[in-house]
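# Notes for the structure review
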Amino acid sequence: MRIDLGSGNEVYGDIGYDINFTSHIKHDKKTYDYIASWGFHYNPDPVKLYLDLNGDLSLLENDDEHYYLMMHTMEHLLRPYDVVRRILSMNNTLQLTIVVPNAINNYRSDINDYTHLYSWTEYSLKNFAEHMIIDTGFKYYEVENIGNGDLGLTFVKIWHKW
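Now for a look at the structure at hand. Here the structure is a predicted model, which means the values were calculated and not measured.

Turning next to the overall build of the protein chain. Looking only at helices and strands, the protein chain features four helices and nine strands. When the elements of the protein chain are put in sequence order from the N terminus, they spell out β-β-β-α-β-β-β-α-β-α-α-β-β. Here the C-alpha radius of gyration of the protein chain, 15 Å, is about what a compact globule of 162 residues would show, namely 15 Å. Its C-alpha atoms give the protein chain principal-axis dimensions of roughly 40 × 35 × 30 Å. Looking at the protein chain as a whole, 46% of its 162 residues qualify as buried. Sequence separation of 24 or more characterises 66% of the internal contacts of the protein chain that already satisfy a separation of 6 or more. Charged side chains in the protein chain number 13 positive and 23 negative. The centres of these two groups are separated by 5 Å.

For the structure shown, the criterion picks out six aromatic pairs. Taking the centre distance of 5.3 Å and the plane angle of 85° together, the rings of Trp120 and Phe128 count as edge-to-face. Assigned by exposure class, Trp120 and Phe128 land together as buried. In textbook terms, an aromatic cluster arises when at least three aromatic residues are bridged by ring pairs, as seen for Tyr81, Tyr118, Trp120 and Phe128. Here the guanidinium or amino end of Arg2 rests over the ring plane of Phe40, the centre of that ring lying 5.3 Å away. The ring of Tyr67 is capped by Arg2, whose NZ or CZ atom sits 4.2 Å from the centre of that ring.

Right, let's talk about empty space enclosed by the protein for a bit. Counted by the stated rule, this structure contains one cavity of 30 Å³ or more. One number sums up the size of the largest cavity: a volume of about 30 Å³. Lining the largest cavity are Glu75, Pro101, Asn102, Ala103, Asn106, Ser109, Asp110, Tyr118, Ser119 and Trp120. Of the residues that constitute the lining of the largest cavity, the class distribution is four nonpolar, four polar and two charged.

Taken residue by residue, helix α1 (residues 29-37) has Thr31, Tyr34 and Ile35 as its buried positions. For α1, the arc enclosing every buried residue in end-on projection is 90°, short of the 170-degree limit, so these residues lie on one face. Away from its buried face, by an angle of more than 90 degrees, α1 presents the exposed residues Lys29 and Ser37. Of the surrounding secondary structure, the elements contacted by the buried residues of α1 are β2 (11-12), β6 (66-71), β7 (93-101), β8 (140-146) and β9 (153-159). Just past α1, the residue Gly39 takes up positive phi, approximately 95°.

Reading the values: rules and limits
- Residues numbered from 1 in each chain as written.
- Predicted model: local features only at pLDDT ≥ 70, side-chain atom pairs only at ≥ 80, totals over all residues.
- Heavy atoms only, no water.
- Helix = DSSP H or I, 4+ residues; strand = E, 2+ residues; numbered from the N terminus.
- Rg over C-alpha atoms; globule rule 2.2 N^0.38 Å.
- Buried < 20%, exposed > 50% of the residue type's maximum accessible area, 1.4 Å probe, protein only.
- Contact = heavy atoms within 4.5 Å.
- Lys, Arg positive; Asp, Glu negative; His and termini not counted.
- Charge placed at Lys NZ, Arg CZ, Asp CG, Glu CD.
- Phe/Tyr/Trp six-rings, centres within 6.5 Å; stacked < 30°, edge-to-face > 60°.
- Lys NZ or Arg CZ within 6 Å of the ring centre and 35° of its normal.
- 1 Å grid on protein atoms, 1.4 Å probe; cavity = no way out; pocket = protein on both sides within 12 Å on 5 of 7 lines; lining within 4 Å.
- Points joined across faces, edges and corners; volume = space filled by probe spheres on them.
- Nonpolar A, V, L, I, M, F, W, Y, C, P; charged D, E, K, R; others polar.
- Arc of directions from axis to C-beta.

Keep in mind these values describe shape, not function.
Below is the structure:
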């Protein structure tokens, strides 16, 4: 199952979790094509459930295997390392894809959005992923930048490979 954590109004997966389903960020076609290449597609009729990722995540724990997407979510979390470690530590997690604005190319997103608690770059996300692999036993990750200027985004995918 594909789960969009922090989905806002547009869900890219079977289920969207968020604390506010009115927010939405418009991206260019390249961004949508990129996340689609990792199996996440816009769902016009998803299940939407309330979940504060800064709190109890037990709602995510079940027997189904999940691929998670966090697009424009990490920069809003109070403790992103703890949240991601908990998601990756669940037995049902197969992959986590994270998309964040790259603070080097897209610094205006931090200036204009007072809800951003953290800034991310390709290098900070790479360091983050390396520590996650050590802490959780996940095996592989890749980090990639796409776009520039206002569309500058950094992606990281962490997954098991058998």
